[in-house]
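Chains, contacts and geometry: an overview
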Amino acid sequence: MEADDVRHAAQWLAAELRARPADDYDYDAHAHGLGWTCWAAAEHVLDDLLAYALQLAGRGRGDYLPVDAADGGETVVRSRRSAGTVGLAANLEAMAELLAAQVQVGDATDRAYHPWGESDPGGFAAMGVCEIVVHGWDVLTALDDEVADLPEDLCAGVLARLFPGSPHDLGSAQEVLLWQTGRRDIAGLGRLESWRWDATVR
């Protein structure tokens, strides 16, 4: 996947968040299927986008760069609650642009560490897109009490890059991606109890 895929994913989710103001929606409710609140799940996406951008910028090999949250927590990036979903959406687009820029300037031979496989710029783009669309689904599905629709082109791109061998003929790209990430049943296959993507270079 490419830099513009990261931008497209962020713009999609940012628009969805702006359409759901914090005054009208319960962002302290649990995101669908997660132990995090909807707000915390969105902050997790910000964190991952920053981490992936840093990995590519630092060509981090063998481990993540040694960056910790200042307060000892798990999340480096916090979105100011008083700025509401407008601020959350702006932060999402900004973090995505950091990753997109690193993907864009990176060389195809560049490599950086991820625990699910040392990867290249295209792999980190796919991982960033996956974080946005999958956790976007978790958040939007919880906020709306109904299954959210994801951009099919992005779902297809993530499947092609991170989930080789997916059963593409058993449903839409969204349905297969949600199954691959343990969120939905599909075509009699049940729900995956554990899963991981393959970030290695192909």
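Basis of the calculations
- Residues numbered from 1 in each chain as written.
- Predicted model: local features only at pLDDT ≥ 70, side-chain atom pairs only at ≥ 80, totals over all residues.
- Heavy atoms only, no water.
- Helix = DSSP H or I, 4+ residues; strand = E, 2+ residues; numbered from the N terminus.
- Rg over C-alpha atoms; globule rule 2.2 N^0.38 Å.
- Buried < 20%, exposed > 50% of the residue type's maximum accessible area, 1.4 Å probe, protein only.
- Contact = heavy atoms within 4.5 Å.
- Areas by Shrake-Rupley, 256 points an atom, 1.4 Å probe, with all protein chains shown as cover.
- Lys, Arg positive; Asp, Glu negative; His and termini not counted.
- Charge placed at Lys NZ, Arg CZ, Asp CG, Glu CD.
- Disulfide = S-S within 2.5 Å.
- Salt bridge = Lys/Arg side-chain N within 4 Å of Asp/Glu carboxyl O.
- 1 Å grid on protein atoms, 1.4 Å probe; cavity = no way out; pocket = protein on both sides within 12 Å on 5 of 7 lines; lining within 4 Å.
- Points joined across faces, edges and corners; volume = space filled by probe spheres on them.
- Nonpolar A, V, L, I, M, F, W, Y, C, P; charged D, E, K, R; others polar.
- Patch = residues over 30% accessible without salt bridge, like charges linked within 9 Å, V, L, I, M, F, W, Y side chains within 5 Å.

**Description of the overall build of the protein chain**
Secondary structure assignment for the protein chain yields 6 helices and 0 strands. Mapped from its N terminus to its C terminus, the protein chain presents α and β elements in the order α-α-α-α-α-α. Over its C-alpha atoms the protein chain spans a radius of gyration of 16 Å, differing by no more than 12% from the 17 Å that the globule rule assigns to 202 residues. Along the first, second and third principal axes, the C-alpha atoms of the protein chain reach 45 × 45 × 30 Å. For the protein chain, the residues scored as buried account for 49% of the 202 residues in total. Restricting to contacts in the protein chain with at least 6 residues of sequence separation, those with at least 24 account for 68%. Counting only carbon and sulfur atoms, one obtains 48% of the accessible surface of the protein chain, whose full area is about 9400 Å². For the protein chain, the separation between the mean place of its 15 positive charges and that of its 34 negative charges on side chains is 4 Å.

**Looking at the state of the cysteines**
Taken as a whole, this structure holds 0 disulfides when the rule is applied. Free of any disulfide, cysteine 38 has its nearest cysteine sulfur in cysteine 130, 18 Å distant. Overall, cysteine 38 belongs to the buried group, its relative accessible area being 0%. Residue cysteine 130 stays outside any disulfide, its sulfur separated by 8.7 Å from that of cysteine 155, the closest cysteine.

**Remarks on the pattern of salt bridges**
Scanning the entire structure with this criterion turns up 11 salt bridges. For the salt bridge of arginine 20 with aspartate 144, the shortest nitrogen-to-oxygen distance reads 2.7 Å. Highlighted residues: arginine 20 in the loop between helix H1 (3-18) and helix H2 (38-58) and aspartate 144 in helix H4 (residues 121-144), separated in sequence by 124 residues. The exposure class assigned to arginine 20 is buried, which follows from its relative accessible area of 12%. With its nearest N and O atoms 2.9 Å apart, the salt bridge here joins arginine 59 to aspartate 110. Of this pair, arginine 59 sits in the loop between H2 and helix H3 (84-105) while aspartate 110 sits in the loop between H3 and H4, placing them 51 residues apart in sequence. Take aspartate 110: its relative accessible area is 14%, and that puts it in the buried class.

**A closer look at empty space enclosed by the protein**
Scanning the entire structure with this criterion turns up 1 cavity of 30 Å³ or more. Lining the largest cavity we find Leu13, Leu17, Ala41, Ala42, Val45, His135, Gly136 and Val139. Secondary structure elements with two or more residues in the lining of the largest cavity: H1, H2 and H4. Of the residues contributing to the lining of the largest cavity, the split by class is 6 nonpolar, 2 polar and no charged.

**Re the layout of surface pockets**
By volume, the largest pocket is sized at about 580 Å³. Lining the largest pocket are 25 residues, and of these Asp47, Asp48, Ala51, Glu74 and Val76 lie nearest its centre. In terms of residue count, the dominant contributor to the lining of the largest pocket is H2 (10 residues).

**Quick look at a negative patch on the surface**
There is a patch of like negative charges on the surface, built from Asp145, Glu146, Asp149, Glu152, Asp153 and Glu175. Turning to its location among the elements, aspartate 145 is positioned in the loop between H4 and helix H5 (152-162).

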